[in-house]
Amino acid sequence: MITARYHREVPQRYRLEAGKCTKCGYVAFPPRLVCPKCNTKKFKPIVLKDEGKIITYTVIRVGPDKFSKETPYAIGIIELNDKLRLTAQIAGVVDFDKLKIGQKVKLVFRKIQDDGKAGIHMYGYKAVLA
Amino acid sequence: MIGIVGFGAYLPRYRIKAETIAKQWGMDANAIIRGLQLNEKTVPGQDEDTITISVAAAKNALLRAQIDPQDIGALYIGSESHPYAVKPSGTIVIDALGVGPHVHVASYEFACKAGSEAMYVAYSLVKAGEMKYAMGIGADTSQGAPGDALEYSASAGGAAFIMGSEKVVAEILFTHSYTSDTPDFWRREGEDYPRHGGRFTGDPAYFKHVMGAANALLEKSKMKPSDFKYAVFHMPNGKFPQEVGKRLGFTKEQLEVGWIVPWMGNTYSGSSPTGLAAILDVAKPDDMIFMVSFGSGAGSDGFIFKVTKEITKVQNRAPKLKDYLDKDKIYLDYGEYAKFRKKIKLNE
Ligand SMILES: [Zn+2]
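Residues numbered from 1 in each chain as written. Chains lettered and ligands numbered in written order. Predicted model: local features only at pLDDT ≥ 70, side-chain atom pairs only at ≥ 80, totals over all residues. Heavy atoms only, no water.

1. A closer look at the pattern of salt bridges
Move 1: Under the criterion given, the structure shown has 25 salt bridges over all chains.
Move 2: Among the salt bridges present, the one from B:Arg247 reaches B:Glu243, with a minimum N-O distance of 2.9 Å. Of this pair, B:Arg247 and B:Glu243 both sit in helix α7 (residues 239-248), four residues apart, which is roughly one turn of that helix.
Move 3: With a shortest N-O distance of 3.5 Å, B:Lys327 and B:Asp323 are connected by a salt bridge.
Move 4: Its relative accessible area of 28% is what places B:Asp323 among the partly exposed residues.
Move 5: Three or more residues joined by partner-sharing salt bridges are found here, namely A:Arg110, A:Lys126, B:Asp47 and B:Glu48. (Salt bridge = Lys/Arg side-chain N within 4 Å of Asp/Glu carboxyl O. Helix = DSSP H or I, 4+ residues; strand = E, 2+ residues; numbered from the N terminus. Buried < 20%, exposed > 50% of the residue type's maximum accessible area, 1.4 Å probe, protein only.)

Below, the structure written as structure tokens:
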């Protein structure tokens with residue numbers, strides 16, 4: 001059931017909630033159960049800053065079925081000001097030739113996809129040029 | 001003192017010109033631009049809806065108010081384009097903002113006046129001492145049937161207002177609502193586009209209710225139109241708010257700042273609230289603001305605000321309505337617009 005997984009991921013997808021290891025300070029995004037640095041299982045939730053820059057990107061011109069009517073669109077690896085990296089669509093780009101590595105972006109709340117015609121709407125973060 | 005402690009607006013970047021729509025249907029663009037006073041309107045991106053617009057506007061309101069989202073005791077969203085027929089929009093918005101789960105949430109619907117309803121209830125709860133802060137949002141991604149007059153106006157955008165009693169930027173001095181059963185505009189369950197009563201939407205609907213609320217507000221407050229620096233009325237097109245302002249005795253200058261409809265369109269539940277946000281963006285301490293919304297069906301909510309000295313501290317903490325209205329616009333042709341608004345039939 002897609003709704004159970006979607007619901008579980010709401011804190012990270014809606015408001016960039018990461019897990020900070022209470023022992024060594026490692027920040028996991030998406031949150032993890034066990035710290036890869038010190039094997040501790042204790043994390044406290046922190047909210048990441050919504051600003052960062054483009055590390056690299058690609059332009060999707062032939063998209064998977066669900067996104068085939070939204071092409072072309074850019075997907076990028078974004079490094080947040082917290083130094084954490086994540087993958088996100090870069091929305092609202094008009095001229096892809098002007099997209100550049102290092103450009104500043106801001107993460108915004110957008111609809112990511114629908115679960116078919118009658119299923120739930122799924123929301124999350126996308127990057128827009130700052 | 002109870003009133004607005006934070007406000008924020010949001011408009012999508014996409015636009016379609018009245019001229020582009022008129023060309024599609026073989027209409028005279030100049031007649032529409034002159035008659036309805038509409039030049040262009042906002043169009044939501046394919047990944048934007050009432051919920052994402054509400055989140056964007058609410059984040060701007062939080063930037064201005066600088067309060068802990070956890071202190072918000074209620075959040076209400078007024079819209080006629082809630083993405084779900086059954087499932088509240090507000091639950092998604094609170095989780096995106098970090099509000100709750102100890103919070104009261106509801107969706108309001110009353111054609112174009114659902115946003116001012118959300119504001120009124122949020123204000124009333126704070127005034128009653130039920131909670132420290134409450135947020136009222138008006139947002140829409142409204143649709144007009146292809147070729148209908150509404151297609152030139154139905155647009156997307158929203159505004160959010162946090163009500164509270166500390167560091168108030170605009171005190172609410174008086175409110176008044178005026179409501180009657182008037183079938184000027186409706187949409188039946190399962191229909192894609194609304195229907196309206198043509199000319200019936202004017203005098204018996206818009207003008208009667210806006211003036212009903214406005215005159216009662218003036219009487220209650222013992223004030224006259226010249227006591228106000230700004231006035232904003234619901235903006236179904238460019239003409240109606242100017243006409244109702246004139247009938248009530250307000251001047252063009254008082255309406256100018258909030259009269260954003262010629263370049264934005266009618267953002268329905270977000271219409272007079274975004275106009276109010278545009279006014280608060282530039283207002284100065286002690287300015288008086290007169291606002292009356294209108295929702296078909298029909299009713300009007302009126303407010304009298306008095307701007308405080310706190311306003312100048314918060315104005316630059318978030319993007320202004322004018323920034324969204326004037327900057328980074330992306331123009332669509334009719335085909336792209338039809339795709340964005342899902343007016344094209346696709347294979348499943
Ligand atoms: Zn650790």
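Picking up where we left off.
2. Points about the pairing of strand β7 (residues 156-164) of chain B
All names here are of chain B.
Move 1: Counted residue by residue, β7 has nine buried out of nine residues, so it is predominantly covered.
Move 2: Where strand β6 (residues 133-141) meets β7, eight bridges bridge the pair, whose relative direction is antiparallel. Counted as the bridge partner of Ala134 is Met163 from β7. (Pairing = 2+ DSSP bridges.)

3. Considering the environment of A:Lys44
All names here are of chain A.
Move 1: Among the secondary structure elements, Lys44 is positioned in strand β3 (residues 43-47).
Move 2: For the pair Lys44 and Val93, spaced 49 residues apart in sequence, the C-alpha to C-alpha distance is 36 Å.
Move 3: Ignoring any residue separated from it by four or fewer positions in sequence, one finds Lys44 in contact with Ala18, Gly19, Lys20 and Thr22. (Contact = heavy atoms within 4.5 Å.)

4. Structural notes on the coordination of the zinc ion
Move 1: The zinc ion binds to the protein through A:Cys21 (SG), A:Cys24 (SG), A:Cys35 (SG) and A:Cys38 (SG); the donor distances cover 2.2 to 2.3 Å.
Move 2: Between the four donor atoms coordinating the zinc ion, the angles at the centre fall across 102 to 116 degrees, so the site counts as tetrahedral. (Donors = N, O, S within 2.8 Å, 3.2 Å for Na, K, Ca; no water. Tetrahedral: all angles 85-135°; square planar, octahedral: opposite > 155°, others 65-115°.)

5. Some details on α7(B)
Move 1: For α7(B), the complete set of buried residues consists of B:Phe240, B:Pro241, B:Gln242, B:Val244, B:Gly245 and B:Leu248.
Move 2: Considering only its buried residues, α7(B) is in contact with α6 (202-221), β11 (230-233) and α8 (252-256) of chain B.

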